[in-house]
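# Observations on the three-dimensional arrangement
Take a look at the letters that make up each chain.
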Amino acid sequence: MVNFKEIFHSYYAPLCNYALSIVRNETAVEEIVQKLFIDLWEKNALEKVDNVEYYLLKSTKYKCIDYLRSKKQTKEFPVSDLPEKAFPEPGNLTEEDIIPLLHYFASKLPPKTRQVFLLSRSSGMTYKEIAEEMGISVKTVENQMSRALKSMKVLLKKNHLLYILLIIKIFQ
Amino acid sequence: MSMEKIYEILSRHFSDEESEAGGKTVENFKKKHELEYFILSRLWKRRDIHVKDFNAAKAWESMGLEAKKPRKTKIIYLRHGFLKLAAAVAIFLMGMAAVYYFRVLAPSREIISMQTSHLERGKNIVLADGTMVWLNSDAYISYPRKFYGGTRTTDLRGEAFFQVKKDPAHPFVIKTKNTTIEVRGTSFNVRSSTNMTEVTVKTGKVKVRNILTGKEIMITRGYSARTENDKLLKFRTTNPNYLSWKTGYFKFDNVPIEQVVKDLNTYYAKKVVIDRKKPVACNLTAQFDDISLQDILKIIKLTCECGVRESADNYILYALKTKKQ
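Okay, so let's go over this structure. (Residues numbered from 1 in each chain as written. Chains lettered and ligands numbered in written order. Predicted model: local features only at pLDDT ≥ 70, side-chain atom pairs only at ≥ 80, totals over all residues. Heavy atoms only, no water.)

Phe37, Leu56 and Phe117 of chain A are the most contacted members of the largest nonpolar core, which has 73 residues in total. Sorting elements by how many residues they give to this core places helix α1 (residues 2-23) of chain A first, with 13 residues. Apart from the residues lying within four places of it in its own chain, the contact partners of Leu56 of chain A are Ile7, Tyr11, Leu15, Leu36, Phe37, Leu40 and Leu46 of chain A. Counting residues in each nonpolar core, the second largest holds 26 residues, with Ile112, Val133, Leu135 and Val183 of chain B among its members. (Core = buried A, V, L, I, M, F, W, Y, C linked by side-chain atoms within 4.5 Å. Buried < 20%, exposed > 50% of the residue type's maximum accessible area, 1.4 Å probe, protein only. Helix = DSSP H or I, 4+ residues; strand = E, 2+ residues; numbered from the N terminus. Contact = heavy atoms within 4.5 Å.)

Have a look at this one:
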């Protein structure tokens, strides 16, 4: 069970960021993720899971959809915005499926790598501009960016299902 | 070559930081790992990503999971009167905090949505940041009562005109079914249906992104962009009446009557149609500044030398038999 606490600490913020790009409500998102972990704790469910990361991502997505569904009844959200399935059917992976994953990914990066990654990919700065902004060398920027790319590859590899979905989408 | 070096070159390549030495390596990688290359380049594209710092330690504490284990449970017996009082006060304060939260804090996170009816048009909304939105009929918009986070995001179905308050730090984003539109501070019109979105810029710059393909373009004054399925097109704005649904101002410069009718129908509730058996062939040059449809039809009747008859739902334009060819 020591393990559970560790898992919580390393996945809590990334999962919240993942959920935030779907639900767009910070308070709701924290509730969703906390409730998920409470369930997992009570049912001792993580013990039986092979791929913890994939399992957590999938469950978070289900919980987000439940949340959006419940909001649907109170008419806060456009009905048409509700994702039909928890994970996209092969061939239907759109930008909307990718964006939550990217938020998850960025949130999981170590702080410095994340800062460099976001300045480059979100703010659109060049390596040189980033180096100046952060007061580090271009070489360091380069190292951080390749570290980010490496972890993105790892994320894809580990969650082979996502990988397969992406492949099918692109080559359909 | 080491794996590390490859990551370095690839990340440079995906970030458009080309180096002379890297070109060949990238080509080799692309050949060998085609799938991987495609996926990574798709993910590596520029997008707005905003990472919030969620406090895991605090969340862990508040969940109190460790206390849930039976052997760690502590039971506190309230033996003393003052402890009971303290507990009562604590519960009362918590109640007050909850009331404060739901009454004062929570509403700020509320999402407001608005749907205009078939007849309602030009409905004007002011968003929390001062941005003004005019909704055409049959339009739907949802937006947070208060904007938070890095972007100001709204959802739109149908047609609306936006006059966005300038705030470079917080891009204004409009999502339609198939398109994301991003601006800093400008005014423009959005017309959307299930698989089509058309953006026409009045002032400033607007970034339009097809959600399906992730492709995006920048358009400025005098230009429109249309996304349809996986297409994304940029073209010069040719129709000067794209905003007439809101203003009631029409300008026609030698425009075929079919187009005139189409434009008029964006503004007036009672629709104008052309008689199919006796079609009117005429080009119109005129300006109407929010005058009644009857008056417009009188002018059309005189210039085009045609007849107008009224049915329950429509005005019908028809060619007169006596009209010379």
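That shown, we press on.
This paragraph deals with the pattern of salt bridges. Residue and element names in this part refer to chain B. Enumeration according to the criterion identifies 19 salt bridges over all chains in this entry. Across the pair Lys5 and Glu8 runs a salt bridge whose closest N-O atoms are separated by 3.6 Å. Of the two residues, Lys5 and Glu8 both sit in helix α1 (residues 3-14), three residues apart, roughly one turn of that helix. Residue Lys5 is classed as partly exposed on the basis of its relative accessible area, which comes to 38%. The buried category is assigned to Glu8, whose relative accessible area is 12%. Measuring nitrogen to oxygen at the nearest pair gives 3.0 Å for the salt bridge that ties Arg226 to Glu198. Of this pair, Arg226 sits in strand β12 (residues 223-228) while Glu198 sits in strand β9 (residues 196-203), and the two are 28 residues apart along the sequence. Glu198 sits in the buried class, given a relative accessible area of 13%. (Salt bridge = Lys/Arg side-chain N within 4 Å of Asp/Glu carboxyl O.)

Residue and element names in this part refer to chain B. Tracing the sequence through the fold places Asp129 in the loop between β2 (123-126) and β3 (132-135). In terms of polar contacts, Asp129 uses its side chain to reach the side chain of Thr131, at 2.8 Å. Apart from the residues lying within four places of it in its own chain, the contact partners of Asp129 are Phe147, Arg152, Lys165 and Phe172. (Polar contact = N/O pair within 3.5 Å; in protein donor to acceptor, adjacent residues only side chain to side chain.)

Okay, the state of the cysteines next. Under the counting rule described, the total for this entry stands at one disulfide over all chains. Sulfur-sulfur distance for the disulfide between Cys282 of chain B and Cys304 of chain B comes to 2.1 Å. The sign of the -70 degrees torsion about the S-S bond sets the Cys282 of chain B-Cys304 of chain B disulfide as left-handed. Residue Cys282 of chain B is found in the loop between β15 (271-274) and β16 (283-289), and its partner Cys304 of chain B is found in helix α9 (residues 293-304); the two are separated by 22 residues along the sequence. An identical accessibility class is assigned to Cys282 of chain B and Cys304 of chain B; each is buried. Looking at the unpaired Cys64 of chain A, the closest cysteine sulfur is the one in Cys16 of chain A, lying at 9.5 Å. In this structure Cys64 of chain A comes out as buried when scored by relative accessible area, which is 0%. Left without a disulfide partner, Cys306 of chain B is nearest to the cysteine sulfur of Cys304 of chain B, which lies 5.3 Å away. With a relative accessible area of 3%, Cys306 of chain B lands in the buried category. (Disulfide = S-S within 2.5 Å.)

Taken together, the side chains of Leu85, Val89, Phe92, Leu93 and Met96 of chain B present a nonpolar region at the surface, about 520 Å² in accessible area. Phe92 of chain B gets classed as exposed once you look at its relative accessible area, which sits at 54%. (Patch = residues over 30% accessible without salt bridge, like charges linked within 9 Å, V, L, I, M, F, W, Y side chains within 5 Å. Areas by Shrake-Rupley, 256 points an atom, 1.4 Å probe, with all protein chains shown as cover.)

To continue, consider the pairing of strand β17 (residues 306-310) of chain B. Residues and elements named next belong to chain B. Direction of pairing for β17 relative to strand β18 (residues 314-319): antiparallel, over a ladder of five bridges. Paired with Val308 across the two strands is Leu317, which belongs to β18. Counting the residues between successive antiparallel strands, the hairpin from β17 to β18 contains three residues. (Pairing = 2+ DSSP bridges.)

The subject of this paragraph is the side chain of Lys153 of chain A. With respect to the element layout, Lys153 of chain A can be found in helix α7 (residues 138-158). Lys153 of chain A sits in the buried class, given a relative accessible area of 7%. Apart from the residues lying within four places of it in its own chain, the contact partners of Lys153 of chain A are Met3, Tyr7, Phe29, Glu36 and Leu40 of chain B.

Moving on to helix α2 (residues 26-43) of chain A. All names here are of chain A. Its 18 residues give α2 an end-to-end C-alpha distance of 26 Å, which sits within 8% of 26 Å, the value for a rise of 1.5 Å per residue. Between the side-chain oxygen of the N-cap and the backbone nitrogen of Thr27 there are 3.1 Å, and the N-cap of α2 in question is Asn25. One or two steps after α2, the chain reaches Asn44, where phi turns positive at roughly 55 degrees. (Expected span 1.5 Å × (residues − 1).)

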